[in-house]
Amino acid sequence: SEQERLGIPARDQRILRPGDVQARLQTLAAAGPDERASATRDLVAGLDVWGEYRGQVMAELRAGGLDPMTQVIATLPGAADQTRLARASANLSTLQDMVPESQRTDLREEVDERMADFTASLGHTASGHQSAAQAREAAYLLALEARATGVSEGRAAREGVRAITGHYDLSNGYRIPV
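This is a predicted model, so every value here is computed, not measured.

> What am I meant to see in the packing of helix α3 (residues 33-47) against helix α4 (residues 54-64) here?
Pairs of packed helices are described in terms of their axes, by the angle between the two and the distance that separates them. Closest axis-to-axis distance for the α3/α4 pair is 9 Å, and the angle between their directions is 135°. Here α3 lies oblique to α4, going by the angle between them. Contact residues: Leu43, Val44 and Leu47 in α3; Arg54, Val57, Met58 and Leu61 in α4. Among the residues making up the contact of α3 with α4, the classes are represented as 6 nonpolar, no polar and 1 charged.

> Hey, could you run me through the confidence of the model for the chain in this one?
Caution applies to low-pLDDT parts of the model: their predicted coordinates are not meant to be read in detail. Averaged over all residues, the pLDDT of the chain equals 88, while 99% of them reach at least 70. Mean pLDDT per element in the chain: helix α1 (residues 2-5) is the minimum at 76, and helix α8 (residues 101-114) is the maximum at 97.

> I would appreciate a short explanation of the packing of aromatic side chains in the present structure.
Centre-to-centre distance and the angle between the planes together describe a pair of aromatic rings. Inspection of the entire model under this criterion finds 1 aromatic pair. Aromatic side chains Phe118 and Tyr168 sit 5.8 Å apart centroid to centroid with 45° between the ring planes, which places their arrangement in the tilted category. Of the two residues, Phe118 sits in helix α9 (residues 116-122) while Tyr168 sits in strand β1 (residues 168-169), which places them 50 residues apart along the sequence. The ring centre of Tyr140 lies 3.7 Å from the NZ or CZ of Arg108, which sits over that ring.

> How do you make sense of the nonpolar core when you look at a structure like this?
Leu85, Leu107, Val111, Met115 and Ile164 are the most contacted members of the largest nonpolar core, which has 32 residues in total. Those elements giving two or more residues to this core turn out to be α5 (68-75), α6 (79-90), α8, α9, α10 (126-148) and α11 (153-165). Looking at this core element by element, the count peaks at 11 residues for α10. Not counting chain neighbours up to four residues away, the residues in contact with Met115 comprise Ala135, Arg136, Ala139, Val161, Ile164 and Thr165. Of all hydrophobic cores here, the second largest spans 13 residues; its members include Leu16, Leu28, Leu43 and Leu61.

> What is the right way to read α8 from this model?
Each turn of an α-helix holds 3.6 residues, which means side chains three or four residues apart point in the same direction. In this model, α8 (14 residues) spans 20 Å end to end at C-alpha, consistent with the 20 Å of a helix rising 1.5 Å per residue. Of all the residues in α8, the buried ones are Arg104, Leu107, Glu110 and Val111. The arc enclosing the buried residues of α8, seen along the axis, measures out at 130°, which places them on a common side. Facing away from the buried side of α8 by over 90 degrees, the exposed positions are Glu101, Ser102, Glu109 and Glu113. Where α8 is buried, its residues contact α7 (92-98), α10 and α11.

> In this structure, what is going on with α6? I would like to understand it.
With 12 residues, α6 should cover 16 Å at 1.5 Å per step; its first-to-last C-alpha distance of 16 Å lies within 8% of that length. Listed in full, the buried residues belonging to α6 are Gln82, Thr83, Leu85, Ala86 and Ala88. Here the buried face of α6 lies against α3, α5, α7 and α10.

> So what exactly am I meant to see when it comes to the pattern of salt bridges here?
Side-chain pairing between opposite charges can occur once the charged atoms of the two side chains come close. Under the definition given, this model contains 8 salt bridges. Where Arg36 meets Asp67, a salt bridge forms, and the shortest distance between an N and an O atom there is 2.7 Å. Of the two residues, Arg36 sits in helix α3 while Asp67 sits in the loop between α4 and α5, which places them 31 residues apart along the sequence. Owing to a relative accessible area of 13%, Arg36 belongs among the buried residues under this scheme. Each of Asp81, Arg84 and Glu145 takes part in a single network of salt bridges with overlapping partners.

Procedures and definitions
Residues numbered from 1 in each chain as written. Predicted model: local features only at pLDDT ≥ 70, side-chain atom pairs only at ≥ 80, totals over all residues. Heavy atoms only, no water. Axes fitted to C-alpha atoms, helices over the stretch in contact; angles between N-to-C directions. Helix = DSSP H or I, 4+ residues; strand = E, 2+ residues; numbered from the N terminus. Parallel < 35°, antiparallel > 145°, perpendicular 65-115°, else oblique. Contact = heavy atoms within 4.5 Å. Nonpolar A, V, L, I, M, F, W, Y, C, P; charged D, E, K, R; others polar. pLDDT = per-residue confidence, 0-100. Phe/Tyr/Trp six-rings, centres within 6.5 Å; stacked < 30°, edge-to-face > 60°. Lys NZ or Arg CZ within 6 Å of the ring centre and 35° of its normal. Core = buried A, V, L, I, M, F, W, Y, C linked by side-chain atoms within 4.5 Å. Buried < 20%, exposed > 50% of the residue type's maximum accessible area, 1.4 Å probe, protein only. Expected span 1.5 Å × (residues − 1). Arc of directions from axis to C-beta. Salt bridge = Lys/Arg side-chain N within 4 Å of Asp/Glu carboxyl O.

This is the structure we're talking about:
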């Protein structure tokens, strides 16, 4: 690569220019809750052009300040769940006002319990622990949104967890896409 030829060590080589990272992140930051999921889908679709370097580009975006919830939105396969999560994330304080604290605590505990197999499938590295925490928070936000609209606690937890983990088979401690 050109960077290698210039003597830049592999660990310091970048795919995106610093201005590109900031421009992409500013586009996401400027999007309102309803547009955030669409902007995230556009970002992810744009990553596909990088082929085998897709993971490195995503790492550069994370290093540049890509927020954790947008990272989770990017992993969801369905536009509807992406949009729900973007809205729930943007409206967290409103959702918290709509659901009493004791119910929020119970809901979080139920989501965490239902996410145990998923969490275990990621918990083998430090980054896996971080990803698991982000996924649990996303499932909780989706469950909180459902609970705020009158869905029962158990059903809200199931729906939130299913949106995050439903596209995986979690057999034998492994996370296998279905």
